[in-house]
Amino acid sequence: MGSISAVDKKTGRKFYLDDPDDLQPGDKVVFLLSLHGGGSVGAWQRAYFPAFQYKERYRLVIATPSAATKEPVRHWLGEADDAHLRNIVNYVFDRYGKDNIASFWIIGHSQGGMTANRLLGDDFFKHRVDGWLSLSGGRIGPIELPASFFVPVRGPLPPMPSQGGDTPRPGRASPPDCDISFIFATGEHEMVALPSTSPWADKYGAGPRVRLADVVDDEPGQIYDTIREGKSTPAWGLSPRPGTAQVYLYPKARDGRLIADVVRLDKGHTEGLEPRITEELIKMMVAAPGGKARRSS
């Protein structure tokens, strides 16, 4: 128990696994599968969204893997990674008992968010996942990205999805054909504006959005994009620093679904999340309805 390097025995691939140090057999947990963005790895994602720091308080099990494909930069690819990600889910369900999985959330930053969106079209995931936290990984009801978001980088970007139709791509998520809660969190500088409505909220008959109390952090996040240090843009992200996040909730959604938008003011795409907004997102996920794991076959 605690924090270990677990092994997917079917592929031999390792992944980070964090759980409560004092976990007892039969304890209920919330399972988070956390996917890094393009050009990143699991260790970076674990620090970018440091849910492991709250695993005791909120009874979390967090799996953080790395994509297999390294060229032109590391990125998620269906044929290379989907089986591994399914194996991780089965590993967690077997290790803790699916009846003890109170809820299962898939979390993805950037290309990891687009990958989460794609996985929600797969029967394996759509029948198990209770919620999706998109960390700058596409919004259902898209945002427009500013031109400054696409800054030059050292080496090529990972392959991006087609820009046609309703396929997942930067800023835009495809509405999943399943019932889930959905949180979109983004930096203020990596979008032109946050829409005031949500088609996902409309699907569940939620009321007009309400703004909750701001979350104020006096400590910075843990990580940032060091490759672009000194030459980055506010849209892509600068050095970690304290900040304030605005939280918008679409209330009274059918079946208690959680639908929310979170905007981190004066932040871009790559600054790691600060501690209080990290905890606030976790609190929302833990409070949202679950139960798909227990019903899965």
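Details of the structure are given in the entry above.
Worth saying up front: this structure is predicted, and the values here are computed from it rather than measured.

What counts and how
Residues numbered from 1 in each chain as written. Predicted model: local features only at pLDDT ≥ 70, side-chain atom pairs only at ≥ 80, totals over all residues. Heavy atoms only, no water. Helix = DSSP H or I, 4+ residues; strand = E, 2+ residues; numbered from the N terminus. Rg over C-alpha atoms; globule rule 2.2 N^0.38 Å. Buried < 20%, exposed > 50% of the residue type's maximum accessible area, 1.4 Å probe, protein only. Contact = heavy atoms within 4.5 Å. Lys, Arg positive; Asp, Glu negative; His and termini not counted. Charge placed at Lys NZ, Arg CZ, Asp CG, Glu CD. Phe/Tyr/Trp six-rings, centres within 6.5 Å; stacked < 30°, edge-to-face > 60°. Expected span 1.5 Å × (residues − 1). Salt bridge = Lys/Arg side-chain N within 4 Å of Asp/Glu carboxyl O. Pairing = 2+ DSSP bridges. Core = buried A, V, L, I, M, F, W, Y, C linked by side-chain atoms within 4.5 Å.

**A short note on the overall build of the protein**
Okay, so step 1: Broken down by element type, the protein carries eight helices and eleven strands.
Okay, so step 2: Against the 2.2 N^0.38 benchmark of 19 Å for 297 residues, the protein shows a C-alpha radius of gyration of 18 Å, consistent with a compact globule.
Okay, so step 3: In terms of overall dimensions, the protein has a C-alpha envelope of 50 × 45 × 40 Å along the principal axes.
Okay, so step 4: The proportion of buried residues among the 297 residues of the protein is 56%.
Okay, so step 5: For the protein, the share of sequence-separated contacts (at least 6 apart) that also reach a separation of at least 24 residues comes to 79%.
Okay, so step 6: If the 37 positive side-chain charges of the protein are averaged to one point and the 36 negative ones to another, these points end up 3 Å apart.

**Considerations on the packing of aromatic side chains**
Okay, so step 1: Taken as a whole and assessed by the stated rule, the structure comprises nine aromatic pairs.
Okay, so step 2: The interplanar angle of 20° and the centroid separation of 4.5 Å between the aromatic rings of Phe31 and Phe104 together place this pair among those described as stacked. Placement of Phe31 in strand E3 (residues 29–35) and of Phe104 in strand E5 (residues 101–109) is noted, with a sequence separation of 73 residues between them. Per residue, the accessibility class of Phe31 equals that of Phe104, and both read buried.
Okay, so step 3: Geometrically, the ring pair formed by Trp132 and Phe182 is tilted, given 4.9 Å between the ring centres and 45° between the ring planes. Taken as a pair, Trp132 in strand E6 (residues 131–135) and Phe182 in strand E7 (residues 181–187) lie far apart in primary sequence, 50 residues in all. By the burial criterion, Trp132 is buried, and Phe182 matches it.
Okay, so step 4: An aromatic cluster is present here, built from Phe31, Phe93 and Phe104 joined pairwise through their rings.

**Things to note about helix H7 (residues 275–287)**
Okay, so step 1: An ideal rise of 1.5 Å per residue puts 18 Å on 13 residues; H7 measures up with 18 Å between its terminal C-alpha atoms.
Okay, so step 2: For H7, the full list of buried residues reads Pro275, Ile277, Thr278, Glu279, Leu281, Ile282, Met284 and Met285.

**Considerations on the side chain of Asn100**
Okay, so step 1: Mapped onto the secondary structure, Asn100 falls in the loop between helix H3 (78–96) and E5.
Okay, so step 2: When its relative accessible area of 13% is taken as the criterion, Asn100 is described as buried.
Okay, so step 3: Those residues in contact with Asn100 that lie beyond four places of it in its chain are Gly26, Asp27, Lys28 and Val29.

**Section: helix H4 (residues 111–119)**
Three- or four-residue spacings in an α-helix give side chains the same orientation, since the helix completes a turn every 3.6 residues.
Okay, so step 1: Most of H4 is tucked away: eight of the nine residues are buried.
Okay, so step 2: The elements touched by buried residues of H4 are E3, H3, E5, helix H5 (123–126) and E6.

**Let's talk about the pattern of salt bridges**
Okay, so step 1: In total, this model carries 20 salt bridges according to the counting rule given.
Okay, so step 2: Note that Asp81 and Arg13 form a salt bridge whose closest N and O atoms lie 2.8 Å from each other. Residue Asp81 is found in helix H3, and its partner Arg13 is found in strand E2 (residues 13–18); the two are separated by 68 residues along the sequence. With respect to class, Asp81 is no different from Arg13; both count as buried.
Okay, so step 3: Between Arg241 and Glu271 there is a salt bridge, with its nearest N and O atoms 3.1 Å apart.

**Regarding the pairing of strand E1 (residues 3–8)**
Okay, so step 1: Taken together, the six bridges between E1 and E2 define a ladder with antiparallel strand orientation. Bridging across to E2, Ser3 finds its partner in Asp18.
Okay, so step 2: Taken together, E1 and the strand that follows it, E2, pair antiparallel across an intervening segment of four residues, in which Gly12 is found at a positive phi of about 80°.

**What to know about the pairing of E6**
A regular strand places its side chains on the two faces of the sheet in alternate fashion.
Okay, so step 1: By the criterion of burial, E6 is predominantly enclosed, with five of the five residues buried.
Okay, so step 2: Burial along E6 is two-sided: Gly131, Leu133 and Leu135 facing one way and Trp132 and Ser134 facing the other are all buried.
Okay, so step 3: For E5 and E6, the ladder comprises five bridges, and the chain directions are parallel. Each residue of the ladder has a partner; that of Ile107, found in E6, is Leu133.
Okay, so step 4: In terms of strand pairing, E6 meets E7 through five bridges, oriented parallel. Bridge assignment links Leu135 to a residue of E7, and that residue is Ala185.

**Structural notes on the nonpolar core**
Okay, so step 1: The biggest cluster of nonpolar side chains holds 51 residues, and the ones touching the most others in it are Phe31, Leu33, Ile101 and Trp132.
Okay, so step 2: When residues no more than four places from it in sequence are discounted, the contact partners of Ile101 are Val29, Phe31, Val92, Phe93, Tyr96, Ala293 and Arg294.
Okay, so step 3: Core analysis: the second largest hydrophobic core is formed by 32 residues, Val30, Leu32, Ala51 and Leu258 among them.

On their own, these measurements won't tell you what the molecule is for.
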